[in-house]
Amino acid sequence: MRTRIFAEENRRWWTLGALCFALFMIMLDNTVVNVALPAIKADLDISTAELEWTVAAYALTFASLLLTGGKLGDLLGRRRIFVIGLSVFTLSSLACGLSASAPQLISARAVQGVGAALMMPATLSIISATFDARERGMAIGVWAGVSASALAIGPLLGGIITEHISWNWIFYVNVPIGVLAVVAALVVVPESRDTSREQRLDVPGLATSGIGLLALVYALIEANQYGWTSTRIIALFVIGIGSLVAFVLVESRQRLPMLDLSLFRSGTFAGANLVAILVTLAMFGIFVFFPIYMQTFRGWSPIQAGAALLPWTLMVVVFAPIAGKLSDRVGSRWLMAGGMTVVAICCLLLSTVTLQSTFWHMLPAFLLGGLGMSFVMTPMSAAAMGAAPVAKAGVASGVLNTFRQVGVALGIAIMGAIVADRAAASVKGGASQSQAFVDGLTFGMRVSAAICFGAAIAAAVLVRRYRHADASHPVEAAA
């Protein structure tokens, strides 16, 4: 029996398990820290600005280095880069837990983002290289389900750890998980890389993309603090946009570019990435601002606020693998369009909350949100990876996850601005501070609904079925 379980034909599933084990740790860190921020502020006696950087430092390095991580995996070996990133993430998690001051914690969080940027593209590209086309959608469905579950369970787990142990253990728990994941990766994950001739590191591409994304994400995160028209923010936008334009020009002239721009000639690849940035932009408001609403204005504890999102998590766990199987059979186009429409309805329902709303008022929206996300994230990932040649899987994964992380930054900046501006207007109109926040939140949810409807249209128009004519040129077919 033991021999059969560990037989060669089952190794790909052990590989998937090892990758998901590490992926859960990465994605959990996106949300688990948010609930612990008040405890961190009190314990380390740090300012509000330093507290914001505890979250921002991770997001900045993660988003700005994802493309680099994908390329390094293709060039040097995906398992090798995955293990290096996992080791960096684990050690920096230990440093976060041991931090005794704001500079120490912020620096360690930035290094965590570097480790995550090396790991994240490798997980998806290894799946694409390990599973054949018949099973790839299901495998990506499991991957997407684990990713979304970690994001949703983070607030609950963070609340439990913070209330019953201490905020330090939010980071300490990553250490044994990381060690086990490194061992598992070395034992069961096969090595793969881009075997094209004349491979080399594209330093100009790495520099321009890194600087551009770093400046752009920094500006989006800090715009609410300094003002959208401040000299600092405008300068950062100019640097970011200028660097990204330079990146496109550099890549279009490189003989061996880091990013093959021909990937975006595929409507499916372009559409999947557009949906990726729009869905994370719209959804991040729920995972950031609704816990604040629940705890500050409804009086719920961190554990209660986190538990309220569990129905969302359960829907993702159940339906993400199903969505993966369906994408193998019928393609991703209408699954993505339908899923985004359901998420838009979720946002519209959440736009009706009041200061007296109960959990039961929000439950239908959370159930629809989890269902819709299941039928977006899995087919979206399958479409993007299926539209790219396997040899470029690392870069394709890096692009997809970069779009998702930039969407997170956009969501923080745009939703924060909407809530703040609308709340200020309500206060001027005579509303209380609590009612003003709810006014801003509900208006933000209506904006999110409009964005989701736009993403549904984009999916229906751009995404097509595809077939691989050969190893390097995926060909789209009519849906």
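Residues numbered from 1 in each chain as written. Predicted model: local features only at pLDDT ≥ 70, side-chain atom pairs only at ≥ 80, totals over all residues. Heavy atoms only, no water.

**Notes on the overall build of the chain**
Summing up its helical and strand segments, the chain has 18 helices and two strands in all. In the chain, buried positions account for 56% of the 479 residues. Here the contacts in the chain between residues at least 6 apart in sequence split such that 82% fall between residues at least 24 apart. In the form shown here, the chain has an accessible surface area of approximately 18700 Å², with 67% of it arising from carbon and sulfur atoms. (Helix = DSSP H or I, 4+ residues; strand = E, 2+ residues; numbered from the N terminus. Buried < 20%, exposed > 50% of the residue type's maximum accessible area, 1.4 Å probe, protein only. Contact = heavy atoms within 4.5 Å. Areas by Shrake-Rupley, 256 points an atom, 1.4 Å probe, with all protein chains shown as cover.)

**Topic: helix H3 (residues 37-44)**
Three or more residues of H3 are buried, namely Leu37, Ile40 and Leu44. For H3, the angular spread of the buried residues around the axis is 60°, confining them to a single face. Exposed residues on H3 whose side chains face more than 90 degrees from its buried face are Pro38 and Ala42. Following H3 by one or two positions, Asp45 has its phi on the positive side, about 55°. (Arc of directions from axis to C-beta.)

**As for the packing of aromatic side chains**
Within the structure shown, the criterion is met by seven aromatic pairs. Judged by centre distance (5.1 Å) and plane angle (80°), the ring pair of Trp169 and Tyr172 falls under edge-to-face. Pair noted here: Trp169 and Tyr172 are both in helix H8 (residues 169-172), with a separation of three residues, about one helical turn. Between Phe359 and Trp360, the aromatic rings sit 5.1 Å apart at their centres with planes inclined by 70°, giving edge-to-face as the arrangement. Note on Phe359: relative accessible area 24%, which makes it partly exposed. Judged by its relative accessible area of 63%, Trp360 is exposed. Across the ring face of Tyr226, the terminal group of Arg232 is positioned such that the distance to the ring centre comes to 4.2 Å. When the ring centre of Phe443 is taken as origin, the NZ or CZ atom of Arg422, which lies over that ring, is 4.0 Å away. (Phe/Tyr/Trp six-rings, centres within 6.5 Å; stacked < 30°, edge-to-face > 60°. Lys NZ or Arg CZ within 6 Å of the ring centre and 35° of its normal.)

**Re a nonpolar patch on the surface**
A cluster of nonpolar side chains, Val179, Val183, Leu186 and Val187, forms an exposed patch at the surface whose accessible area comes to about 360 Å². The topology assignment puts Val187 in helix H9 (residues 174-188). (Patch = residues over 30% accessible without salt bridge, like charges linked within 9 Å, V, L, I, M, F, W, Y side chains within 5 Å. Salt bridge = Lys/Arg side-chain N within 4 Å of Asp/Glu carboxyl O.)

**Comments concerning the side chain of Ser99**
Here Ser99 lies in the loop between helix H5 (78-98) and helix H6 (102-130). Ser99 sits in the buried class, given a relative accessible area of 5%. At a separation of 3.4 Å, a polar atom in the side chain of Ser99 contacts the main-chain amide nitrogen of Leu105. (Polar contact = N/O pair within 3.5 Å; in protein donor to acceptor, adjacent residues only side chain to side chain.)

**Structural notes on the environment of Asn174**
Tracing the sequence through the fold places Asn174 in helix H9. A sequence separation of 152 residues divides Asn174 from Ala22, and the C-alpha atoms of the two residues are 9.4 Å apart. Setting aside residues up to four positions removed in sequence, Asn174 forms contacts with Met25, Asp29, Phe89, Thr90, Ser93 and Gln112. Reaching out from Asn174, the side chain makes a polar contact with the side chain of Ser93 at a distance of 3.2 Å.

**Quick look at helix H15 (residues 333-350)**
In a regular helix each residue adds 1.5 Å, so 18 residues correspond to 26 Å; H15 covers 26 Å between its end C-alpha atoms and thus fits that length. Listed in full, the buried residues belonging to H15 are Arg333, Leu335, Met336, Ala337, Gly339, Met340, Val343, Ala344, Cys346, Cys347 and Leu350. (Expected span 1.5 Å × (residues − 1).)

**Quick look at the nonpolar core**
In this structure, Phe82 and Phe290 are the most contacted members of the largest nonpolar core, which totals 118 residues. Counting 16 residues, the second-largest nonpolar core is a separate cluster that includes Leu216, Ile233, Ile277 and Val406. (Core = buried A, V, L, I, M, F, W, Y, C linked by side-chain atoms within 4.5 Å.)

**Brief notes about the environment of Leu367**
Summarising the element assignment, Leu367 is placed in helix H16 (residues 359-386). Along the sequence, Leu367 and Trp312 sit 55 residues apart, while their C-alpha atoms lie 5.4 Å from each other. Ignoring any residue separated from it by four or fewer positions in sequence, one finds Leu367 in contact with Pro311 and Met315.

Limitation: the analysis is restricted to geometry and does not speak to function.
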